[in-house]
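Coordinate inspection notes
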Amino acid sequence: MAEKIKLGIIGAGKISEVLHIPNAYFSEYVQLVAVSDKNEERLHFFKKKLNDERIHFYTEYHDMLQKEDIGAVVVALPNFLHAKVSLDALEMGKHVLVEKPMATNSQEASQMVQLAREKKKVLMTNHSQRFFPHHQRAKEIIDSGMIGEVRLVKTMFGHSGPESWSPTATWFFQKDSAMFGALGDLGVHKVDLIRYLTGLEIIECTAMINTLEKQGNVEDIASAVLKLSNGGFATLDANWITKGLEENYFVIYGEKGTLKIGQTNPSKIDIYLLKPTGLHGEITLKPLFTNEDPYWKMPVIDHFAKVCLGLEKPIVQPEDGMIAVKVVEKIFESSKKGGFVKVND
Ligand SMILES: NC(=O)c1ccc[n+]([C@@H]2O[C@H](COP(=O)([O-])OP(=O)(O)OC[C@H]3O[C@@H](n4cnc5c(N)ncnc54)[C@H](O)[C@@H]3O)[C@@H](O)[C@H]2O)c1
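As the structure is a computational prediction, the values presented were derived from the model and not from experiment. (Residues numbered from 1 in each chain as written. Predicted model: local features only at pLDDT ≥ 70, side-chain atom pairs only at ≥ 80, totals over all residues.)

1. What about unusual backbone geometry?
- Cis geometry is adopted by the peptide bond preceding Pro-101, which originates at Lys-100 and carries an omega value of -15°.
- Summarising the element assignment, Pro-101 is placed in the loop between strand 5 (95-98) and helix 5 (106-119).
- Its identity is not glycine, yet Lys-120 carries a phi of approximately 55°, on the positive side.
- Classification of Lys-120 as exposed rests on a count of 8 C-beta atoms within 10 Å.
- With phi around 70°, Met-179 is a residue other than glycine that occupies positive phi space.
- You can call Met-179 buried: it has 23 C-beta atoms within 10 Å. (Helix = DSSP H or I, 4+ residues; strand = E, 2+ residues; numbered from the N terminus. Buried ≥ 20, exposed ≤ 12 C-beta atoms within 10 Å, placed from the backbone.)

2. Regarding the environment of Thr-211
- Relative to the elements of secondary structure, Thr-211 occurs in the loop between strand 8 (202-210) and strand 9 (221-228).
- For Thr-211, a count of 17 C-beta atoms within 10 Å translates into the label partly exposed.
- With 80 residues separating them in the primary sequence, Thr-211 and Phe-131 have C-alpha atoms 31 Å apart.
- Excluding residues within four positions of it along the chain, Thr-211 makes contact with Val-218, Glu-219 and Asp-220. (Contact = placed C-beta atoms within 7 Å.)

3. Here's the deal with the packing of helix 4 (residues 82-91) against helix 5
- Contact pair helix 4 / helix 5: the axes reach a minimum separation of 10 Å and the direction vectors enclose 10°. When the axes of helix 4 and helix 5 are compared, the pair comes out roughly parallel. Residues Ala-83, Ser-86, Leu-87, Leu-90 and Glu-91 of helix 4 pack against Glu-108, Gln-111, Met-112, Leu-115, Ala-116 and Lys-119 of helix 5.
- A per-class count over the contact of helix 4 with helix 5 returns six nonpolar, two polar and three charged. (Axes fitted to C-alpha atoms, helices over the stretch in contact; angles between N-to-C directions. Parallel < 35°, antiparallel > 145°, perpendicular 65-115°, else oblique. Nonpolar A, V, L, I, M, F, W, Y, C, P; charged D, E, K, R; others polar.)

4. Structural notes on the site of the ligand
- Taken together, 24 residues sit near the ligand, with Gly-13, Lys-14, Glu-99, Ser-166 and Ala-169 positioned nearest.
- Broken down by element, the residue count for the shell around the ligand peaks at three residues, all from helix 1 (residues 14-26).
- Grouping the constituent residues of the shell around the ligand by class yields eight nonpolar, nine polar and seven charged.
- For the shell around the ligand, the two domains that each supply at least three residues are domain 1 (5-127 + 298-316) and domain 2 (129-289 + 323-342). (Near = placed C-beta within 6 Å. Domains from an automatic or database assignment.)

5. Here we look at helix 10 (residues 318-337)
- Helix length check: helix 10, at 20 residues, gives a terminal C-alpha distance of 29 Å against a target of 28 Å (1.5 Å per residue), a fit within 8%.
- In terms of burial, helix 10 is a largely internal element, 15 of the 20 residues being buried.
- Following helix 10 by one or two positions, Gly-338 adopts a phi angle in the positive range, close to 80°. (Expected span 1.5 Å × (residues − 1).)

6. Section: the sheet that holds strand 4 (residues 72-75)
- Taken together, six strands build an open sheet; the order of strands is 3-2-1-4-5-6 and the sheet is parallel. Bordering the open sheet on either side are strand 3 (56-58) and strand 6 (123-125), each of which pairs with just one other strand. Looking at each pair of strands side by side, their axes are set apart by 20° on average, direction ignored.
- Relative to strand 2 (residues 30-36), strand 1 (residues 5-10) runs parallel, the two being bridged by six bridges. Paired with Lys-6 across the strands is Gln-31, a residue of strand 2. (Pairing = 2+ DSSP bridges.)

7. Looking at the nonpolar core
- In this structure, Leu-7, Ile-9, Ile-10, Val-73, Val-75, Leu-183 and Val-328 are the most contacted members of the largest nonpolar core, which totals 98 residues.
- In terms of residue count, the dominant contributor to this core is helix 8 (residues 182-198) (nine residues).
- Taken together, domain 1 (5-127 + 298-316) and domain 2 (129-289 + 323-342) each give at least three residues to this core, which thus spans both.
- Val-75 has contacts with Ile-10, Gly-11, His-82, Val-85, Ser-86, Val-96, Val-98 and Glu-99, leaving out every residue within four places of it along the chain. (Core = buried A, V, L, I, M, F, W, Y, C linked by C-beta atoms within 7 Å.)

8. Comments concerning the domain arrangement of the chain
- By the assigned domains, the chain splits into domain 1 (5-127 + 298-316) and domain 2 (129-289 + 323-342).
- Each of domain 1 and domain 2 was reduced to a C-alpha centroid, and the two centroids are 26 Å apart.
- Contact with domain 1, which involves 19 residues of that partner, is made by 22 residues of domain 2.
- Split by residue class, the side of domain 1 that touches domain 2 holds 11 nonpolar, six polar and two charged.

9. A few points about helix 1
- Across its 13 residues, helix 1 extends 18 Å between first and last C-alpha, which sits within 8% of the 18 Å expected from 1.5 Å per residue.
- Within the span of helix 1, buried status applies to Ile-15, Ser-16, Leu-19, His-20, Ile-21, Pro-22, Asn-23 and Ala-24.
- The elements touched by buried residues of helix 1 are strand 1, strand 2, helix 2 (40-50), strand 4 and helix 9 (300-308).

10. Considerations on the pairing of strand 5
- Every second residue of strand 5 is oriented toward a common face, with His-95 and Leu-97 on one face and Val-96 and Val-98 on the other, all of them buried.
- For the segment spanning strand 4, helix 4 and strand 5, crossover handedness is right-handed.
- Following the backbone out of strand 5, through helix 5 and into the adjacent parallel strand 6, one traces a crossover that is right-handed. (Right-handed = clockwise from strand over helix to strand, strands pointing away.)

Structural data, given as structure tokens:
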């Protein structure tokens, strides 16, 4: 039987319901020991659902950290709590998987990275899109050189807004609790994916943001043009104003060909190559989950646990979460100032 890490989950909202709690409960590398949420109804919901006396429930995460013999935690809270709670857990010697965006600013993110290093603990941001099979496969194709050097990326993540995802979660619309709107919620995934898939850094940006529909004080539409470290460009759209479908695509125009991921079919990669002329290949990959599944069957928790147990190398490094926050911050800054902003100024 595999060695298991004892895990506590802090935040029992929607992402914990569809991803962290079921995946932790069923993982052969995890023993789910405790769940914490300030909302007692959410705790009651999971107590009933799991119906397992070995799992303890806490309204205060501090109590959970103090009383339970756990090696690792998942932090799945509103964005403004990510840094504070992760720092508390790291301070107490726990490995941390924190939700995206890792923090509400890059200074906080940097403190988290530093403390994890000092304490020699795993710190991973849940950049879940890295784990999608079509993104893993696209990375292999790009790394193989098949489409040559990356010239242009076009990516978008948009849907009608968090209210259709977690209906009671009004925190998404307030700067105090979320810091960013669609840019930090959805754009951060694509910022990270640009770096992950192309292996290039984002060095400069210019952007426009606005609030067209949502009540609150964060953006619901953001469009950015990014300069990549090889001189190529990326355009990124993140919004909560997309109706009738969820747009979640990534197109890469390379020196020798083009890859389209998620534009025609969510589980397909379309390949167009210059030579032999006219080759239009396609690769169909099994989706990780469908709407019929009760939860997202994603390997994030398994991977995190294996990294904590020293069985795998991390797919997401601590710095990756921090860089994603920094780029989002700079995109935001350029939209306020107008003009171009360098990421490392
Ligand atoms: N990686 C992904 O693919 C992905 C997908 C969706 C959401 N997320 C992220 O996950 C995080 C949580 O999002 P969600 O959709 O689950 O939100 P949610 O509002 O459904 O859940 C948040 C939970 O935190 C609890 N909470 C708030 N303050 C607390 C405190 N002080 N102590 C303990 N519990 C507290 C709330 O009661 C709620 O149950 C966000 O940062 C979001 O960006 C990531």
